[in-house]
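So the chains spell out like this:
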Amino acid sequence: MSPKTPRRIDPSNVSKSFDVHARSYDKLVGANPGYHEHLRLSAKRMGLPNGGAGLRLLDLGCGTGASTAALLDAAPHADITAVDFSAEMLAVARRKSWPSHVRFVHADAGELDTKAVHGSYDGILAAYLLRNLSDRNAALRRFRELLRPGAPLAVHEYSVRDAFRSRAVWTAVSWGVIIPMGRLRTGSADLYRYLWRSVLDFDGVEAFTGRMTAVGFEDVRVQTVPGWQQHIVHTFLGRAPGVPATADPDAPTPPEGLDLTK
Ligand SMILES: C[S@@+](CC[C@H](N)C(=O)[O-])C[C@H]1O[C@@H](n2cnc3c(N)ncnc32)[C@H](O)[C@@H]1O
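Right, let's walk through the structure included here. (Residues numbered from 1 in each chain as written. Predicted model: local features only at pLDDT ≥ 70, side-chain atom pairs only at ≥ 80, totals over all residues.)

Let's shift gears to the pairing of strand E4 (residues 123-127). With 5 of 5 residues buried, E4 is to be regarded as a mostly interior element. The side-chain alternation of E4 yields two buried faces, one formed by Gly 123, Leu 125 and Ala 127 and the other by Ile 124 and Ala 126. Alignment of strand E1 (residues 56-60) against E4, held across 4 bridges, turns out to be parallel. Bridge pairing in E4 places Leu 57 opposite Gly 123. In this structure, E4 lies alongside strand E5 (residues 152-158), joined through 4 bridges in parallel fashion. Paired with Leu 125 across the two strands is Ala 154, which belongs to E5. Handedness of the crossover joining E4 and E5 through helix H5 (residues 136-146): right-handed. (Buried ≥ 20, exposed ≤ 12 C-beta atoms within 10 Å, placed from the backbone. Helix = DSSP H or I, 4+ residues; strand = E, 2+ residues; numbered from the N terminus. Pairing = 2+ DSSP bridges. Right-handed = clockwise from strand over helix to strand, strands pointing away.)

In C-alpha coordinates:
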(Lines give C-alpha, C1' and ligand atoms only; values in the text may rest on other atoms or scores of the structure.)
Protein backbone atom coordinates (compact mmCIF):
# COMPACT_ATOMS: atom_id res chain seq x y z
CA MET A 1 0.00 0.00 0.00
CA SER A 2 1.25 3.49 -0.84
CA PRO A 3 2.21 5.41 2.32
CA LYS A 4 0.10 8.38 1.21
CA THR A 5 -3.17 6.52 0.73
CA PRO A 6 -5.64 5.94 3.56
CA ARG A 7 -5.63 2.38 5.01
CA ARG A 8 -9.24 1.74 4.17
CA ILE A 9 -10.90 3.90 1.54
CA ASP A 10 -14.43 5.09 2.22
CA PRO A 11 -16.45 8.20 1.27
CA SER A 12 -14.85 10.19 4.10
CA ASN A 13 -11.32 9.87 2.72
CA VAL A 14 -11.73 8.90 -0.94
CA SER A 15 -10.57 12.33 -2.15
CA LYS A 16 -7.07 11.61 -0.76
CA SER A 17 -6.90 8.42 -2.80
CA PHE A 18 -7.95 10.25 -5.95
CA ASP A 19 -5.25 12.83 -5.15
CA VAL A 20 -2.64 10.07 -5.08
CA HIS A 21 -3.86 8.48 -8.32
CA ALA A 22 -4.61 11.67 -10.27
CA ARG A 23 -1.58 11.55 -12.56
CA SER A 24 -2.17 7.98 -13.70
CA TYR A 25 -5.95 8.29 -13.93
CA ASP A 26 -6.23 9.30 -17.58
CA LYS A 27 -3.93 6.50 -18.73
CA LEU A 28 -5.93 3.90 -16.84
CA VAL A 29 -9.35 5.02 -18.04
CA GLY A 30 -7.93 5.42 -21.56
CA ALA A 31 -7.17 1.70 -21.49
CA ASN A 32 -10.81 0.93 -20.66
CA PRO A 33 -12.56 0.44 -24.01
CA GLY A 34 -15.65 2.61 -24.31
CA TYR A 35 -14.93 4.80 -21.26
CA HIS A 36 -15.09 8.14 -23.08
CA GLU A 37 -17.73 7.00 -25.58
CA HIS A 38 -20.03 5.94 -22.73
CA LEU A 39 -19.64 9.30 -20.99
CA ARG A 40 -20.54 11.03 -24.24
CA LEU A 41 -23.59 8.77 -24.58
CA SER A 42 -24.82 9.69 -21.08
CA ALA A 43 -24.30 13.40 -21.77
CA LYS A 44 -26.20 13.14 -25.07
CA ARG A 45 -29.03 11.27 -23.35
CA MET A 46 -29.69 14.43 -21.31
CA GLY A 47 -31.25 15.79 -24.53
CA LEU A 48 -29.82 19.29 -24.09
CA PRO A 49 -31.26 21.62 -26.75
CA ASN A 50 -29.51 23.97 -29.19
CA GLY A 51 -25.98 22.75 -28.52
CA GLY A 52 -26.43 24.07 -24.98
CA ALA A 53 -26.62 27.73 -26.06
CA GLY A 54 -27.70 29.82 -23.05
CA LEU A 55 -27.62 26.84 -20.67
CA ARG A 56 -25.82 26.51 -17.33
CA LEU A 57 -24.65 22.99 -16.63
CA LEU A 58 -22.91 21.19 -13.78
CA ASP A 59 -20.48 18.30 -14.03
CA LEU A 60 -20.25 16.92 -10.50
CA GLY A 61 -17.25 14.75 -9.61
CA CYS A 62 -15.53 15.91 -12.79
CA GLY A 63 -12.17 14.32 -11.91
CA THR A 64 -9.58 14.98 -14.60
CA GLY A 65 -12.26 16.34 -16.93
CA ALA A 66 -13.31 13.26 -18.93
CA SER A 67 -16.98 13.79 -18.09
CA THR A 68 -16.56 17.56 -18.59
CA ALA A 69 -15.33 16.88 -22.12
CA ALA A 70 -18.33 14.62 -22.70
CA LEU A 71 -20.71 17.34 -21.51
CA LEU A 72 -18.94 19.87 -23.70
CA ASP A 73 -19.33 17.51 -26.65
CA ALA A 74 -23.11 17.27 -26.04
CA ALA A 75 -23.50 21.00 -25.35
CA PRO A 76 -20.57 22.90 -26.90
CA HIS A 77 -22.12 26.33 -26.24
CA ALA A 78 -23.16 25.84 -22.60
CA ASP A 79 -21.59 27.40 -19.52
CA ILE A 80 -20.17 24.43 -17.64
CA THR A 81 -19.13 24.39 -14.00
CA ALA A 82 -17.14 21.26 -13.17
CA VAL A 83 -16.78 20.34 -9.49
CA ASP A 84 -14.46 17.95 -7.68
CA PHE A 85 -13.05 17.74 -4.16
CA SER A 86 -9.73 16.19 -5.14
CA ALA A 87 -7.31 19.08 -5.68
CA GLU A 88 -4.97 16.84 -7.69
CA MET A 89 -7.68 15.53 -10.04
CA LEU A 90 -8.73 19.14 -10.61
CA ALA A 91 -5.13 20.19 -11.26
CA VAL A 92 -4.89 17.58 -14.03
CA ALA A 93 -8.23 18.76 -15.46
CA ARG A 94 -7.22 22.42 -15.40
CA ARG A 95 -4.00 21.74 -17.30
CA LYS A 96 -6.05 20.65 -20.33
CA SER A 97 -7.28 23.10 -22.92
CA TRP A 98 -10.84 24.35 -22.30
CA PRO A 99 -12.98 27.12 -23.74
CA SER A 100 -13.52 30.10 -21.43
CA HIS A 101 -17.10 29.03 -20.62
CA VAL A 102 -15.83 25.93 -18.76
CA ARG A 103 -14.60 26.46 -15.20
CA PHE A 104 -13.47 24.19 -12.42
CA VAL A 105 -14.46 24.47 -8.77
CA HIS A 106 -12.91 22.73 -5.77
CA ALA A 107 -15.87 21.67 -3.62
CA ASP A 108 -17.62 18.70 -2.06
CA ALA A 109 -20.37 17.65 -4.45
CA GLY A 110 -22.09 15.84 -1.58
CA GLU A 111 -22.66 19.11 0.27
CA LEU A 112 -22.97 21.77 -2.38
CA ASP A 113 -23.31 25.00 -0.44
CA THR A 114 -20.40 26.87 -2.01
CA LYS A 115 -20.91 30.33 -3.52
CA ALA A 116 -19.28 29.06 -6.68
CA VAL A 117 -22.31 26.84 -7.33
CA HIS A 118 -25.47 28.91 -7.07
CA GLY A 119 -28.69 29.72 -8.86
CA SER A 120 -30.47 27.24 -11.03
CA TYR A 121 -28.94 24.95 -13.59
CA ASP A 122 -30.27 23.50 -16.83
CA GLY A 123 -28.70 20.08 -16.36
CA ILE A 124 -26.42 18.04 -14.12
CA LEU A 125 -24.12 15.18 -15.10
CA ALA A 126 -22.66 13.12 -12.24
CA ALA A 127 -20.37 10.43 -13.62
CA TYR A 128 -18.98 7.79 -11.25
CA LEU A 129 -19.71 10.09 -8.31
CA LEU A 130 -22.83 8.87 -6.49
CA ARG A 131 -21.19 5.65 -5.30
CA ASN A 132 -18.63 7.76 -3.43
CA LEU A 133 -21.14 9.84 -1.47
CA SER A 134 -22.10 8.81 2.06
CA ASP A 135 -25.53 10.48 2.08
CA ARG A 136 -26.84 9.88 -1.42
CA ASN A 137 -30.39 11.00 -0.71
CA ALA A 138 -29.25 14.33 0.70
CA ALA A 139 -26.96 14.85 -2.30
CA LEU A 140 -29.72 13.98 -4.79
CA ARG A 141 -32.11 16.34 -3.02
CA ARG A 142 -29.54 19.13 -3.31
CA PHE A 143 -29.05 18.34 -7.03
CA ARG A 144 -32.82 18.56 -7.49
CA GLU A 145 -32.91 21.95 -5.75
CA LEU A 146 -30.15 23.22 -8.03
CA LEU A 147 -32.05 22.26 -11.19
CA ARG A 148 -34.67 24.47 -12.76
CA PRO A 149 -38.07 22.75 -13.17
CA GLY A 150 -37.94 20.09 -15.87
CA ALA A 151 -34.13 20.11 -16.16
CA PRO A 152 -32.33 16.76 -16.49
CA LEU A 153 -30.05 14.90 -14.11
CA ALA A 154 -27.89 12.14 -15.62
CA VAL A 155 -26.17 9.82 -13.17
CA HIS A 156 -23.61 7.74 -15.04
CA GLU A 157 -22.73 4.88 -12.73
CA TYR A 158 -21.93 1.22 -12.26
CA SER A 159 -24.86 -0.80 -10.94
CA VAL A 160 -24.58 -4.59 -10.79
CA ARG A 161 -26.55 -5.64 -7.75
CA ASP A 162 -29.69 -6.76 -9.58
CA ALA A 163 -28.03 -9.24 -11.95
CA PHE A 164 -25.82 -12.22 -11.11
CA ARG A 165 -24.17 -12.05 -14.54
CA SER A 166 -23.29 -8.37 -14.12
CA ARG A 167 -21.74 -9.02 -10.70
CA ALA A 168 -19.76 -11.98 -12.06
CA VAL A 169 -18.44 -10.06 -15.10
CA TRP A 170 -17.60 -7.07 -12.92
CA THR A 171 -15.63 -9.22 -10.45
CA ALA A 172 -13.82 -11.05 -13.26
CA VAL A 173 -12.83 -7.81 -15.03
CA SER A 174 -11.85 -6.14 -11.73
CA TRP A 175 -9.55 -8.93 -10.52
CA GLY A 176 -8.39 -10.00 -13.98
CA VAL A 177 -7.65 -6.57 -15.45
CA ILE A 178 -8.45 -3.40 -13.46
CA ILE A 179 -6.76 -4.22 -10.14
CA PRO A 180 -3.57 -5.75 -11.63
CA MET A 181 -3.31 -2.93 -14.19
CA GLY A 182 -3.83 -0.32 -11.47
CA ARG A 183 -1.10 -1.92 -9.35
CA LEU A 184 1.26 -2.09 -12.34
CA ARG A 185 0.72 1.52 -13.39
CA THR A 186 0.58 3.16 -9.96
CA GLY A 187 2.33 0.77 -7.59
CA SER A 188 -0.82 0.54 -5.50
CA ALA A 189 -4.07 -1.30 -6.07
CA ASP A 190 -5.98 0.23 -3.15
CA LEU A 191 -8.21 2.58 -5.16
CA TYR A 192 -9.03 -0.17 -7.64
CA ARG A 193 -9.97 -2.65 -4.90
CA TYR A 194 -12.16 0.10 -3.46
CA LEU A 195 -13.70 0.56 -6.92
CA TRP A 196 -14.52 -3.17 -7.12
CA ARG A 197 -16.02 -3.32 -3.65
CA SER A 198 -17.92 -0.02 -3.88
CA VAL A 199 -19.57 -1.11 -7.15
CA LEU A 200 -20.72 -4.40 -5.58
CA ASP A 201 -22.09 -2.46 -2.60
CA PHE A 202 -23.86 0.22 -4.64
CA ASP A 203 -27.62 0.25 -5.30
CA GLY A 204 -29.05 -2.05 -7.94
CA VAL A 205 -30.87 -0.51 -10.89
CA GLU A 206 -34.25 -0.80 -9.19
CA ALA A 207 -33.05 0.60 -5.89
CA PHE A 208 -31.33 3.57 -7.50
CA THR A 209 -34.23 4.48 -9.78
CA GLY A 210 -36.47 4.15 -6.69
CA ARG A 211 -34.12 6.43 -4.77
CA MET A 212 -34.26 9.07 -7.50
CA THR A 213 -38.05 8.90 -7.53
CA ALA A 214 -38.25 9.01 -3.73
CA VAL A 215 -36.25 12.23 -3.54
CA GLY A 216 -38.56 13.86 -6.08
CA PHE A 217 -37.14 13.32 -9.56
CA GLU A 218 -39.70 12.72 -12.27
CA ASP A 219 -39.64 10.72 -15.49
CA VAL A 220 -36.94 8.46 -14.02
CA ARG A 221 -35.52 5.94 -16.47
CA VAL A 222 -32.37 3.98 -17.11
CA GLN A 223 -30.38 2.86 -20.11
CA THR A 224 -27.23 0.81 -20.26
CA VAL A 225 -24.21 1.18 -22.56
CA PRO A 226 -22.70 -1.12 -25.20
CA GLY A 227 -19.52 -3.20 -24.77
CA TRP A 228 -18.38 -5.35 -21.85
CA GLN A 229 -19.99 -2.75 -19.58
CA GLN A 230 -23.48 -3.56 -20.89
CA HIS A 231 -25.83 -4.01 -17.87
CA ILE A 232 -22.89 -2.92 -15.67
CA VAL A 233 -22.64 0.81 -16.48
CA HIS A 234 -25.89 2.76 -16.75
CA THR A 235 -27.24 6.21 -17.42
CA PHE A 236 -29.88 6.99 -14.81
CA LEU A 237 -31.98 9.88 -16.05
CA GLY A 238 -34.54 12.00 -14.26
CA ARG A 239 -35.99 15.49 -14.36
CA ALA A 240 -36.48 18.04 -11.64
CA PRO A 241 -40.18 18.34 -10.90
CA GLY A 242 -42.18 21.10 -12.48
CA VAL A 243 -42.61 22.20 -16.05
CA PRO A 244 -42.60 19.29 -18.51
CA ALA A 245 -39.42 19.11 -20.55
CA THR A 246 -39.51 20.18 -24.18
CA ALA A 247 -37.69 17.44 -26.02
CA ASP A 248 -34.89 18.41 -28.36
CA PRO A 249 -35.96 17.14 -31.79
CA ASP A 250 -32.29 16.85 -32.79
CA ALA A 251 -31.25 14.82 -29.74
CA PRO A 252 -29.99 11.38 -30.84
CA THR A 253 -32.10 8.40 -29.84
CA PRO A 254 -30.37 5.50 -28.06
CA PRO A 255 -29.52 2.35 -30.01
CA GLU A 256 -32.31 -0.23 -30.19
CA GLY A 257 -32.42 -2.85 -27.48
CA LEU A 258 -30.55 -0.92 -24.83
CA ASP A 259 -33.51 0.72 -23.15
CA LEU A 260 -33.89 -0.79 -19.72
CA THR A 261 -36.78 1.45 -18.75
CA LYS A 262 -38.98 -0.36 -16.29
C1 LIG B 1 -14.10 7.83 -10.80
S2 LIG B 1 -13.74 9.55 -10.82
C3 LIG B 1 -14.74 10.08 -12.18
C4 LIG B 1 -14.27 11.36 -12.77
C5 LIG B 1 -15.03 11.83 -13.99
N6 LIG B 1 -16.41 12.14 -13.68
C7 LIG B 1 -14.97 10.81 -15.09
O8 LIG B 1 -16.03 10.37 -15.51
O9 LIG B 1 -13.89 10.43 -15.53
C10 LIG B 1 -14.69 10.09 -9.43
C11 LIG B 1 -14.39 11.52 -9.06
O12 LIG B 1 -15.34 11.93 -8.08
C13 LIG B 1 -14.65 12.74 -7.15
N14 LIG B 1 -15.42 12.76 -5.92
C15 LIG B 1 -15.71 11.73 -5.10
N16 LIG B 1 -16.46 12.16 -4.07
C17 LIG B 1 -16.64 13.49 -4.26
C18 LIG B 1 -17.31 14.50 -3.55
N19 LIG B 1 -17.96 14.24 -2.40
N20 LIG B 1 -17.28 15.76 -4.03
C21 LIG B 1 -16.63 16.06 -5.18
N22 LIG B 1 -15.97 15.14 -5.90
C23 LIG B 1 -15.97 13.87 -5.44
C24 LIG B 1 -13.28 12.12 -7.01
O25 LIG B 1 -12.34 13.04 -6.48
C26 LIG B 1 -13.00 11.71 -8.45
O27 LIG B 1 -12.32 12.74 -9.13
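Here the narrative resumes, following the displayed structure.
Residues that lie three or four places apart on an α-helix share one face, since the helix turns once every 3.6 residues. Three or more residues of H5 are buried, namely Arg 136, Ala 139, Leu 140, Phe 143, Arg 144 and Leu 146. Around the axis of H5, the buried residues are gathered within 165 degrees of arc, so they sit on the same side. Facing away from the buried side of H5, by more than 90 degrees, are the exposed residues Asn 137 and Glu 145. Packing partners of the buried residues in H5 comprise E1, E4, E5 and helix H8 (205-214). (Arc of directions from axis to C-beta. Contact = placed C-beta atoms within 7 Å.)

This part is about the site of the ligand. In the neighbourhood of the ligand, 23 residues make up the surrounding shell, with Gly 61, Gly 63, Ala 66, Ser 86 and Ala 109 lying closest. Taken together, the elements giving at least two residues each to the shell around the ligand come down to helix H1 (14-30), helix H3 (66-74) and strand E2 (79-84). Here the shell around the ligand gets 4 residues from one element, more than from any other, and that element is H1. Partitioned by chemical class, the residues of the shell around the ligand number 14 nonpolar, 7 polar and 2 charged. (Near = placed C-beta within 6 Å. Nonpolar A, V, L, I, M, F, W, Y, C, P; charged D, E, K, R; others polar.)

Before going further, it helps to spend a moment on the sheet that holds E5. One open sheet holds the 7 strands; their spatial order is E3-E2-E1-E4-E5-E7-E6, and the pairing between them is mixed. If you trace the sheet from one side to the other, it starts and ends with strand E3 (102-106) and strand E6 (218-224), each paired once. Across this sheet, the average inter-strand angle for adjacent strands is 15 degrees, counted without regard to direction. Where E1 meets E2, 5 bridges bridge the pair, whose relative direction is parallel. Bridged to Leu 58 within E2 is Thr 81. (Axes fitted to C-alpha atoms, helices over the stretch in contact; angles between N-to-C directions.)

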